[in-house]
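Architecture and fold: a report
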Protein chains: 2
Amino acid sequence: MSFQFAQKIGTQSICALALLGAFCIAERVHAEDAKSRPTVADVLKASSPSDWRPLDPENTLYLEMASGRVVIELAPQFAPNHVANIKALVREGYFDGLDFIRAQDNYVVQFGDASETKPIKTAQRTLKQEFATTVKSGMSFTALPDADTYAARVGFTGPFPSARDAKNENTWLTHCYGMVGAGRDADADSGGGTELYVVIGNAPRHLDRNVTLVGRVMQGMELLSTLPRGTAAMGFYDKPEQNVPIKSIRLAADLPEEQRAHLETLRTDTPTFKAVVNAVRFRGGDWFKYSADRVEVCNVPVAVRQHPQ
Amino acid sequence: MSFQFAQKIGTQSICALALLGAFCIAERVHAEDAKSRPTVADVLKASSPSDWRPLDPENTLYLEMASGRVVIELAPQFAPNHVANIKALVREGYFDGLDFIRAQDNYVVQFGDASETKPIKTAQRTLKQEFATTVKSGMSFTALPDADTYAARVGFTGPFPSARDAKNENTWLTHCYGMVGAGRDADADSGGGTELYVVIGNAPRHLDRNVTLVGRVMQGMELLSTLPRGTAAMGFYDKPEQNVPIKSIRLAADLPEEQRAHLETLRTDTPTFKAVVNAVRFRGGDWFKYSADRVEVCNVPVAVRQHPQ
């Protein structure tokens, strides 16, 4: 099974690379055994423990609300200064008692200090933007074989959807569902992590390279996506009493073991992840009558699960 | 302003057509006046009354919930039999008192009769699928100039995002945010409109040509996107008491004038709509630092507004 699908992705990858971002017009693969194609669930069931890694406690945030916990993994490879600053803000308790102040349908929810008056102790209020970064050795990238509307190449770096330019020189995170970014004003360097937003709708990819993305929600998205939508411009809540309180944000590493979530995520630099990609590209089973044989980066699931023990 | 942008779209369209669906690698347009590029709001403000059309009362549904009204426009050009059947179901009161029974995060909400026991009077329970249809003369199609991961061509037919094959022979609606589809079982012909779902997350384009899409939510999406997520498999509600009741669904034409919503939508077969497309492709103003110069079909807004009178 995995060999068959490895062959398919191999063929199509070559095609996509040869045309350098061009639509691959090669004939679509019509496997005779479409009915028996593995689903994502099948692939995950057949995975081995080494296909998974625990979330990094030094880069994992727990955002606590009355409705529950939202788990965010930060992306220091892409936004080292913002990530360091957000961790500093978290450690000085900056977010505790602040609120979600905006929920715009099919777009983002946003939290922070609307008044911008809460004192900051050791962290910075603003930072130079980190919209994109140079590709560094040791940075994993599992490229997807299909054309993307917005970027020359798209794929995954760790659990994060990312894009690269045609020359493979620069890379940036892409605005998929659940991605977390640092809000800013008109000045590119006016963000810093004191206001963070989370994508709750169709991927607003036009924001790519316009905002510093800092991480991804790994668990608890439904607590954010169901927040009441704000009725003021851009989905801001009309009145302060509509704001949704944040109890606290903590770094996993700062909590005792028994208070941590113990989640793990599927590694994206593995044959198992490539099999996941193929499972969503080549749909089979009883229900699907047509397989797109393609997938867009924001439609590839990166599995998260409770550590088996 | 519109001449300038018409030129741009002209150039890029030719390029895209010449390569037949290939990524257009032409140099991106770097207007010197990026700061003064019009926004969607600018374009709409400059529109004329003839750029808009009222929703068709004969194909507009009002779904009434405790939280308010959801307005859906049906797409008889794409799914004539399903649309006729849904109208028949509506007129016999089939949906009144049924429930939303499923809300799966980043995917769909779904309503209908979970028990499948509610009697149907004149309508059909199932119909032959209408996943795609042949392109007919008189069917408008405003193509987008940018590459799409899933289809040879994408664009708009009326207010509906749609796709076409490379030969321009077949067309189908695409699964963007707010699109409404007829749920089915494994058999392609097992749907019919008694169970309808609405996309509430990132566009699940792999469903294209696998389900009969029947229309689009034109107003009230926030009432659906914030429904509590179900905790059973596929987001179904665990217990019947979690279901969210539907008071009624009515056809606009069947209501007296004073109870109708009087919405109108931007026509997509107009230069004004092309200017909207360009406004989201070529971003300017003070905030944007980088313009993608491209747009994906599910990121193009189709404006809906209250009729000015």
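Sequence positions are assigned chain by chain, starting from 1 and proceeding in written order. The lettering of chains begins at A and the numbering of ligands begins at 1, in the order of writing. For a predicted model such as this one, the threshold for reporting local features is a pLDDT of at least 70, and the threshold for listing and counting side-chain atom pairs is 80 or more; totals across whole chains, interfaces and linings nevertheless cover every residue. In computing side-chain properties, one takes all heavy atoms of the structure into account and sets aside hydrogens as well as water.

**Brief notes about the state of the cysteines**
All names here are of chain A. In plain terms, the rule: Cysteine sulfur atoms are paired as a disulfide whenever they fall within 2.5 Å. Going along the chain from the N terminus, every DSSP run of H or I of four or more residues is numbered as a helix, and every run of E of two or more is numbered as a strand. Whether a residue is buried, partly exposed or exposed follows from its accessible area with a 1.4 Å probe, protein chains only, as a fraction of its type maximum: under 20%, in between, or over 50%, in that order.
Within this structure, the stated rule accounts for two disulfides over all chains. Across the disulfide, Cys176 is cross-linked to Cys298 (sulfur-sulfur distance 2.0 Å). The disulfide joining Cys176 to Cys298 has a torsion of about -75 degrees about its S-S bond and is therefore left-handed. Residue Cys176 is found in the loop between β10 (170-173) and β11 (179-182), and its partner Cys298 is found in the loop between α5 (271-281) and β17 (304-306); the two are separated by 122 residues along the sequence. Across the pair, Cys298 and Cys176 agree in class, each one buried.

**Concerning the sheet that holds strand β17 (residues 304-306) of chain B**
All names here are of chain B. Rules: Pairs of strands are assigned from DSSP output, requiring at least two bridges between the strands. Lines fitted to the C-alpha atoms define the axes, with helices restricted to the stretch that makes contact. Angles between their N-to-C directions range from 0 to 180 degrees.
Ordered by their spatial adjacency, three strands build an open sheet running β1-β16-β17, and the pairing between neighbours is antiparallel. Strands with a single pairing partner mark the edges of an open sheet, and in this sheet they are β1 (52-54) and β17. Strand after strand, the sheet turns through a mean of 35 degrees between neighbouring axes, direction not considered. Summarising the sheet, β1 and strand β16 (residues 263-266) pair through three bridges and their orientation is antiparallel. Each bridged residue has a counterpart across the sheet, and for Pro54 the counterpart in β16 is Glu264.

**So, the pattern of salt bridges**
Residues and elements named next belong to chain A. To be explicit about the condition: The working definition used for a salt bridge is a side-chain nitrogen of Lys or Arg within 4 Å of a carboxyl oxygen of Asp or Glu.
Per the stated rule, a full pass over the model turns up 28 salt bridges over all chains. Arg91 is paired through a salt bridge with Asp254; the nearest N and O atoms lie 2.8 Å apart. Here Arg91 is found in helix α3 (residues 80-91), whereas its partner Asp254 is found in the loop between β15 (248-251) and β16 (263-266), with 163 residues between them in sequence. Of the residues examined, Asp254 reaches a relative accessible area of 40% and is grouped as partly exposed. Linked by salt bridges that have partners in common, Glu58, Lys87, Arg91 and Asp254 make up one network.

**Topic: helix α3 (residues 80-91) of chain B**
Residues and elements named next belong to chain B. To keep it simple, the criterion reads: Here, expected helix span is obtained from the residue count minus one, scaled by 1.5 Å.
When the terminal C-alpha atoms of α3 are compared, their 16 Å separation across 12 residues agrees well with the 16 Å that a helix rising 1.5 Å per residue should span. Taken together, the buried positions of α3 are His82, Val83, Asn85, Ile86, Lys87, Leu89 and Val90. Following α3 by one or two positions, Gly93 adopts a phi angle in the positive range, close to 75 degrees.

**As for the relation of the copies chain A and chain B**
Basically, it comes down to this: Superposition of the copies was done by least squares, using only C-alpha atoms of residues whose pLDDT is at least 70 in both.
Each copy superposes on the other: chain A lies on chain B with an RMSD of 0.0 Å after a rotation of 180 degrees and an axial shift of 0.0 Å. In short, the pair behaves as if placed about a two-fold rotation axis.

**Some words on the interface of chain A and chain B**
Inclusion rule: Residues count as neighbours in contact if any of their non-hydrogen atoms are within 4.5 Å of one another. Buried area is understood as the total, over both parts, of accessible area removed when two parts are fitted together, assessed with a 1.4 Å probe. Any pair of N or O atoms that falls within 3.5 Å is considered a polar contact. Within protein, one atom must be able to donate a hydrogen and the other to accept it, and sequence-neighbouring residues count only if both atoms are side-chain atoms. Under the scheme applied, nonpolar residues are Ala, Val, Leu, Ile, Met, Phe, Trp, Tyr, Cys and Pro; charged residues are Asp, Glu, Lys and Arg; polar residues are all the others, including Gly.
In this complex, chain A contributes 49 residues to the contact, which on the side of chain B involves 49 residues. When chain A packs against chain B, close to 4,100 Å² is buried across both sides, 54% of that on carbon and sulfur atoms. Connecting chain A to chain B are zero salt bridges. Linking chain A with chain B are 29 residue pairs in polar contact (both at pLDDT 80 or more), by the criterion used here. Tallied by class, residues from the side of chain A that touches chain B come to 23 nonpolar, 10 polar and 16 charged.

**Overview of the sheet that holds strand β9 (residues 160-164) of chain B**
Within a sheet, each strand pairs with its neighbour through backbone hydrogen bonds, oriented either parallel or antiparallel. All names here are of chain B. Ordered in space as β6-β10-β9-β8-β7, the five strands form an open sheet in which the pairing is antiparallel. At either margin of the open sheet sits one strand with a lone partner, and together these are β6 (133-134) and β7 (142-143). Of the pairings in the sheet, the one linking strand β8 (residues 153-157) to β9 comprises five bridges and is antiparallel in character. Pairing of Val154 across the sheet is with Ala163, part of β9.

**Some details on the side chain of Ser162 of chain B**
By the element assignment, Ser162 of chain B lies in strand β9. The residues touching Ser162 of chain B, leaving out its near neighbours within four places in the chain, are Phe78, Phe141, Arg153, Val154, Gly155, Phe156, Thr157, Thr171, Trp172, Leu173 and Thr174 of chain B.

**Structural notes on the packing of aromatic side chains**
What counts here: Working definition: a ring pair exists when centres of Phe, Tyr or Trp rings (six-membered ring for Trp) sit within 6.5 Å. Plane angles under 30 degrees give stacked, over 60 give edge-to-face, the rest tilted. We count a charge as sitting over a ring when the NZ of a lysine or the CZ of an arginine lies within 6 Å of the ring centre and within 35 degrees of the ring normal.
Counted under the stated rule, the structure contains 10 aromatic pairs over all chains. Note on Trp287 of chain A and Phe288 of chain A: the rings are 5.0 Å apart at their centroids and 80 degrees apart in plane angle, and the pair reads as edge-to-face. Classification of Trp287 of chain A by relative accessible area gives partly exposed; the value is 26%. For Phe288 of chain A, a relative accessible area of 19% puts it in the buried group. An aromatic cluster of three or more residues is present, and its members are Tyr94, Phe95, Phe100 and Phe111 of chain A. Lying over the aromatic face of Trp287 of chain B, Arg184 of chain A brings its terminal NZ or CZ to 3.9 Å of the ring centre.

**Re the confidence of the model for chain A**
All names here are of chain A. To keep things clear, this is the line we draw: Known as pLDDT, the predictor's confidence for each residue is given on a scale from 0 to 100.
Across chain A, pLDDT averages 90, with 90% of residues at or above 70. A low-confidence stretch, residues 1-31 stays under pLDDT 50, and its non-local contacts, those more than four residues away or across chains, total 52 contacts. In the predicted assembly, ipTM is 0.90 and pTM is 0.90.

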